[in-house]
Structure formats: C-alpha cells, structure tokens
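# Residue-level structure breakdown
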Amino acid sequence: MDAVTRQHYPAGTLYVVATPIGNIADISLRALHVLSLADAIACEDTRNTAQLLGRYGLNKPLIAAHQHNEREAAEKIRTRLQAGERIALVSDAGTPGISDPGARIVDLLSQSGIPVTPLPGASAAISALSASGLLHDHFYFIGFLPVKNSQRETALRSLTQIPATLIFYEAPHRITDTLKTMAEVFGHSRTVVLAREISKLFEEIHRCPLQEALIWVQADAHREKGEYVILVDAAPELAADDTEARRVLGILLEACSVKQAAALAAQLTGMKKNTLYQLALSMREEKEED
Ligand code: SAM
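Residues numbered from 1 in each chain as written. Predicted model: local features only at pLDDT ≥ 70, side-chain atom pairs only at ≥ 80, totals over all residues. Heavy atoms only, no water.

Where an unreviewed UniProt entry is consulted, the chain appears under the name Ribosomal RNA small subunit methyltransferase I, with the organism given as Undibacterium oligocarboniphilum. The Catalytic activity (unreviewed entry) comment attached to the chain in UniProt states, word for word, "cytidine(1402) in 16S rRNA + S-adenosyl-L-methionine = 2'-O-methylcytidine(1402) in 16S rRNA + S-adenosyl-L-homocysteine + H(+)". Recorded in UniProt for the chain, the comment headed Subcellular location (unreviewed entry) runs: "Cytoplasm". (UniProt positions renumbered as here; feature names shortened; annotations may be inferred.)

### Side note on the packing of helix α8 (residues 175-186) against helix α12 (residues 273-289)
Closest axis-to-axis distance for the α8/α12 pair is 9 Å, and the angle between their directions is 95°. The orientation of α8 relative to α12 falls into the category roughly perpendicular. Of the residues in α12, those touching α8 at Glu184, Val185 and Phe186 are Tyr277, Gln278 and Leu281. Among the residues forming the contact of α8 with α12, the class breakdown is four nonpolar, one polar and one charged. (Axes fitted to C-alpha atoms, helices over the stretch in contact; angles between N-to-C directions. Helix = DSSP H or I, 4+ residues; strand = E, 2+ residues; numbered from the N terminus. Parallel < 35°, antiparallel > 145°, perpendicular 65-115°, else oblique. Contact = heavy atoms within 4.5 Å. Nonpolar A, V, L, I, M, F, W, Y, C, P; charged D, E, K, R; others polar.)

### Some details on the UniProt feature "domain: Tetrapyrrole methylase" (unreviewed entry) in the chain
UniProt marks residues 13-213 with the feature "domain: Tetrapyrrole methylase" (unreviewed entry), using the numbering shown here. Between the end C-alpha atoms of residues 13-213 there is a gap of 45 Å, over a span that is 36% helix and 21% strand.

### Some points on unusual backbone geometry
Phi at Ser99 takes a positive value of approximately 50°, unusual for a residue other than glycine. Taking relative accessible area as the criterion, Ser99 reaches 32% and is therefore assigned partly exposed. In this structure, Glu197 is a non-glycine residue whose phi angle is positive, near 55°. (Buried < 20%, exposed > 50% of the residue type's maximum accessible area, 1.4 Å probe, protein only.)

### Focus: the site of the ligand
In the vicinity of the ligand lie 19 residues, with Ile98, Asp100, Ala124, Tyr169 and Tyr228 positioned nearest. One of the backbone nitrogen or oxygen atoms of Ile21 is found 3.0 Å away from a nitrogen atom of the ligand. In this structure, Ala93 approaches the ligand through a main-chain N or O atom, which is 3.3 Å from a nitrogen atom. Protein chains shield 91% of the accessible area of the ligand, which is 570 Å² for the free molecule. Going through the elements one at a time, β7 (165-170) and β10 (228-232) are the ones with two or more residues in the shell around the ligand. (Near = heavy atom within 4 Å. Polar contact = N/O pair within 3.5 Å; in protein donor to acceptor, adjacent residues only side chain to side chain. Areas by Shrake-Rupley, 256 points an atom, 1.4 Å probe, with all protein chains shown as cover.)

### Digging into the sheet that holds strand β1 (residues 14-17)
The strand order β3-β2-β4-β1-β5 describes an open sheet built from five strands, whose pairing is parallel. The open sheet terminates on both sides in strands that have one partner only, identified here as β3 (62-64) and β5 (116-119). Each neighbouring strand pair of the sheet contributes to a mean axis angle of 25°, computed without reference to strand direction. Relative to β3, strand β2 (residues 40-43) runs parallel, the two being bridged by three bridges. (Pairing = 2+ DSSP bridges.)

### A look at the nonpolar core
In globular proteins that are soluble, nonpolar side chains generally tend to be buried together. Counting 22 residues, the largest nonpolar core has Phe168, Leu179, Met182, Phe186, Leu194 and Ile230 as its most contacted members. Put simply, the parts of the chain that give this core at least two residues each are β7, α8, β8 (191-196), α9 (210-218) and β10. Ranked by residue count, the leading element in this core is α8, at six residues. Aside from chain neighbours lying at most four places away, what touches Ile230 is Leu166, Ile167, Phe168, Glu170, Ile175, Thr178, Leu179, Met182, Val192, Val193 and Leu194. (Core = buried A, V, L, I, M, F, W, Y, C linked by side-chain atoms within 4.5 Å.)

### A word on the domain arrangement of the chain
Looking at the chain, the domain boundaries give domain 1 (2-121), domain 2 (125-232) and domain 3 (243-289). For domain 1 versus domain 2, the separation of C-alpha centres amounts to 30 Å. Contact with domain 2 buries area across many residues of domain 1, yet Ile21, Ile98 and Ser99 alone supply 75% of it, more than any other trio. At the boundary of domain 1 and domain 2, one finds zero salt bridges. For the pair domain 1 and domain 2, the number of links is one residue pair in polar contact (both at pLDDT 80 or more). Of the residues belonging to the side of domain 1 that touches domain 2, the class tally is two nonpolar, three polar and one charged. (Domains from an automatic or database assignment. Buried area = accessible area lost by both parts, 1.4 Å probe. Salt bridge = Lys/Arg side-chain N within 4 Å of Asp/Glu carboxyl O.)

### Topic: the packing of helix α10 (residues 243-253) against helix α11 (residues 258-269)
How two helices pack is summed up by the angle between their axes together with the distance between the axes. Where α10 contacts α11, the axes come no closer than 9 Å and their chain directions differ by 140°. The angle between α10 and α11 falls in the class oblique. Crossing handedness for the pair α10 and α11: right-handed. Residue-level inspection shows Val248, Leu249, Leu252 and Leu253 of α10 in contact with α11, the latter providing Val258, Ala261, Ala262, Leu264, Ala265, Leu268 and Thr269. Residue composition of the contact of α10 with α11, by class: ten nonpolar, one polar and no charged. (Left-handed = near helix turned anticlockwise from the far one by under 90°.)

### Some thoughts on the environment of Tyr56
Along the chain, Tyr56 turns up in the loop between α3 (46-55) and β3. Sequence-wise, Tyr56 and Ala25 are 31 residues apart; in three dimensions their C-alpha atoms are separated by 9.6 Å. With residues up to four places along the chain from it excluded, the contact list for Tyr56 reads Pro20, Ile24, Ile27 and Leu32. Of note is the side chain of Tyr56, whose polar atom sits 3.1 Å from the backbone oxygen of Ile24.

As structure tokens, this is what we get:
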C-alpha cells in the first residue's frame, strides 16, 4: 500500500480506471486508491457502478457517461476538472474505451489540454489472448462485428488475409451464427480459441479447428450463454512471391471448388493446403466482386 499512497495523484486530472470483468477481486490497489480519492466517478451505468463501489466500501457522486451522452458528459467533466477536481472514468466492466464508452470523453479532454492518466487492469481481449496459446507476434482487435448477417460476413471476408491473431467480442445469442460464418469464411481448419466467462465460476478456454467450434458450443446448453471472446489464428503467411500459387489456382478455380483447387494446387506446388485454401478463397471473392 505504501507504493500506492506515496505516489502523487494530481488534481485536475481524469483517471481512466479499469474494473473487473468477472471476479470482483480483479482490481488493482492503485485503482481502488484513485476511486477513493476521486471527487466524482463518470460511469457507463450509475446503478452498476454504485453496486461495484459498494462492494469496495466506497460511496461517491456519480456522473452518467454512456454511449448516448459522451459529448455532454465530457463538457461537464471538463468544467469540474478545470475547477481542480479529480474525476475517475469507469465502464461497466474492463477497460473504458475498449468496445465501451470513454474514448470520446478522453479525446475531447485531451484536446482541451487536460491530463489523462490510465489505471491499468482487466480487459477481456488481453486476458483471452494471454491464455490462448496462439503464437503470432501481432494481434488485431476487432471487437464486436456488425449485427446483420450480410454485413458480418463482409466484415469477416475483409479479414481473411490479416497476418495477425484476430480478436472478436461476441454476444452469446449470436455465437453459433458467428462461428458458422467464420468457418465458411476463414476455412474449416483455421484454429479458433473460445474464451468464455473469463475469471468467473464457469470459465472455459477451448481451442480447436473452426469446424469443431460449433459442435463444442452445442455440446452443452450453458455454452450458448455467457460472455465470449473469440480468437482466430493468424492467416497462414504466403511466400512473398505468390505468383505461381495464383497462376495454378487461377486455372483450377475455373473448374473446381475452392477446396478441390487448394488440394490439387498443394500437390502441384508443394505449398501448404491451408495456405492455398485461404488464397483460393480470397481469389474467388475478388472475382465475385469484379
Ligand atoms: N471494456 C471491456 C474490456 O475491456 O474487455 C469490454 C466491454 S464489451 C461491452 C463486453 C464484451 O467483452 C462481451 O460481450 C464479451 O465479448 C467480452 N467480455 C467481457 N467480459 C468477459 C468475460 N468475463 N469473459 C469473456 N468475455 C468477456
């Protein structure tokens, strides 16, 4: 606690505080100290935050700062900060501004020259990535996909060749549809990690090829509920020069399905079938768009 209290927490600063994503104990000592110092707490949902603060024995004035009033909330917060208060910003769970309100407030305050300081802590994306075992050095955070099926599919198609682990948030009632579309778009053999209910009682981290993901979810009715992060392994890297693969696939795709073309091209070129499958998928899509 010494390290916490000895640090200076300047007035006139916005403190962006991460809160737990499940287990109530996942909050830092510094975060609790800053919440206790704050003159007010700007939050996504005042009822949720009042409940959370109650669990830590805190009671603070709350400012509603949700998706629909971020600009007005920012003005209100700016006036209070300029009068020398300390304000903390929290969302319902995890890190504010990460698929949550907060980013616009930080933007407006930073543009006014107001200091903003983060209190690091839980975020579902990073927690899931850390336990995924997916090895790529890069990751690409997508967050929530569009709700409409056609838009969701288009969004996924634009990601098939990204050489980075892809991280998605998904609502439980859309998990089966999303996994189905992912298997069609990314190919059945691409590895997926489903991180469910992180830090909660029924936490599960499951890794499998995309073709098995739906079976896993449907094997237990509970799995169609709860919070999910979906991680999709990075696109297999093609050799810098993929001219030969494109030439062979171009011919085969005239007569074969994507799957058959990839299998035959693998025999002809010696390249990996999965890599060729991804390339064939994107070539067919490029052709359909023309
Ligand atoms: N700001 C939060 C963060 O830093 O992770 C994310 C908020 S976003 C509105 C909520 C989504 O995050 C959920 O729909 C789910 O996809 C993911 N999520 C949040 N808590 C989770 C948990 N305990 N386990 C798995 N996913 C979680």
